[in-house]
Amino acid sequence: STVMVSSQQYNEFININSLMKKNDVTFIGLKGCVVRNFYPIPELRTMGDFDVLVKPDELNKINAFFEDVKYTVEDDAFGIVCTKGVVHWEIFTTIEEEFNISPDKWDKVMFSDTEEMYGINTPKPTIFFCT
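A short tour of the structure in this document, coming up. (Residues numbered from 1 in each chain as written. Predicted model: local features only at pLDDT ≥ 70, side-chain atom pairs only at ≥ 80, totals over all residues. Heavy atoms only, no water.)

The secondary structure content of the protein amounts to 6 helices and 7 strands. Along the protein, helices (α) and strands (β) appear in the sequence α-β-α-β-α-β-β-β-α-α-β-β-α when read from the amino end. The buried share of the protein, taken over its 131 residues, is 40%. The long-range fraction of contacts in the protein, counting pairs at least 24 apart against all pairs at least 6 apart in sequence, stands at 57%. Of the roughly 7,000 Å² of accessible surface on the protein, 51% is carried by carbon and sulfur atoms. (Helix = DSSP H or I, 4+ residues; strand = E, 2+ residues; numbered from the N terminus. Buried < 20%, exposed > 50% of the residue type's maximum accessible area, 1.4 Å probe, protein only. Contact = heavy atoms within 4.5 Å. Areas by Shrake-Rupley, 256 points an atom, 1.4 Å probe, with all protein chains shown as cover.)

The next subject is unusual backbone geometry. In the Ramachandran plot, Asp24 falls in the positive-phi region, its phi being about 55 degrees despite a non-glycine side chain. According to the relative accessible area criterion, Asp24 is exposed, its value standing at 59%. We note that Lys70 has phi near 70 degrees; this positive angle belongs to a residue other than glycine. Note on placement: Lys70 falls in the loop between helix H3 (59–68) and strand E3 (72–76). Classification of Lys70 by relative accessible area gives exposed; the value is 64%.

With 21 residues, helix H1 (residues 2–22) should cover 30 Å at 1.5 Å per step; its first-to-last C-alpha distance of 30 Å lies within 8% of that length. Of all the residues in H1, the buried ones are Ser6, Gln9, Tyr10, Glu12, Phe13, Ile16, Asn17 and Met20. Down the axis of H1, the buried set is contained in an arc of 160 degrees. They therefore lie on one face. For H1, the exposed residues lying more than 90 degrees away from the buried face are Met4, Asn11 and Lys22. Looking one or two residues past H1, Asp24 carries a phi angle of roughly 55 degrees, positive in sign. (Expected span 1.5 Å × (residues − 1). Arc of directions from axis to C-beta.)

Counting 23 residues, the largest nonpolar core has Phe13, Phe50, Phe66, Trp89 and Ile91 as its most contacted members. Going through the elements one at a time, H1, helix H2 (32–35), strand E2 (50–53), H3, strand E4 (79–84) and strand E5 (87–92) are the ones with two or more residues in this core. For Phe13, the residues in contact, after removing those within four places along its chain, are Phe27, Cys33, Phe50, Val52, Trp89 and Ile120. Judged by nonpolar contacts, the second largest core, of 5 residues, contains Ile28, Leu53, Phe92 and Ile95. (Core = buried A, V, L, I, M, F, W, Y, C linked by side-chain atoms within 4.5 Å.)

Before going further, it helps to spend a moment on the environment of Phe78. Relative to the elements of secondary structure, Phe78 occurs in the loop between E3 and E4. Measuring from C-alpha to C-alpha, the distance between Phe78 and Glu90 comes to 9.2 Å, with 12 residues separating the pair along the chain.

On to the side chain of Asn63. Residue position: Asn63 is located in helix H3. Beyond its immediate stretch of four places on either side in the chain, Asn63 contacts Val73 and Ile80.

Attention now moves to H3. Listing the buried residues of H3 in full gives Leu59, Ile62, Asn63, Phe65 and Phe66. Here the buried residues of H3 occupy an arc of 160 degrees about the axis, which is enough to place them on one side. For H3, exposure combined with an orientation more than 90 degrees from the buried face picks out Asn60 and Asp68. Turning to H3, the residues buried within the fold contact H1, E3, E4 and E5. Count one or two residues on from H3 and you reach Lys70, which has phi positive near 70 degrees.

This is the structure in structure tokens:
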């Protein structure tokens, strides 16, 4: 059942990722939603949620996007939390809470040095794994 839930979650992630791209909504995948692709069997990399980073000025646009696709959206100290069934997204506007590091430098670095890996915008591996 773990593999089935993981597959359902990730299928929804891919669907939302695709819809966001079509609607010019930009986010950067963090942690498990990217790392899972390095596992021999990605479905065995379980996650409780998808952690993504957005620019603060895009938060309202993303909030509206998730409401449009029938997610429950709640405010969080550093962004929003979006929930639909077993799928949970933590949408951050800063990495300060997640990584306990200075956002003055790293938030900018995260967006300035990205690449697409497995269809997901993510910091380049050297930055991703250093944070």
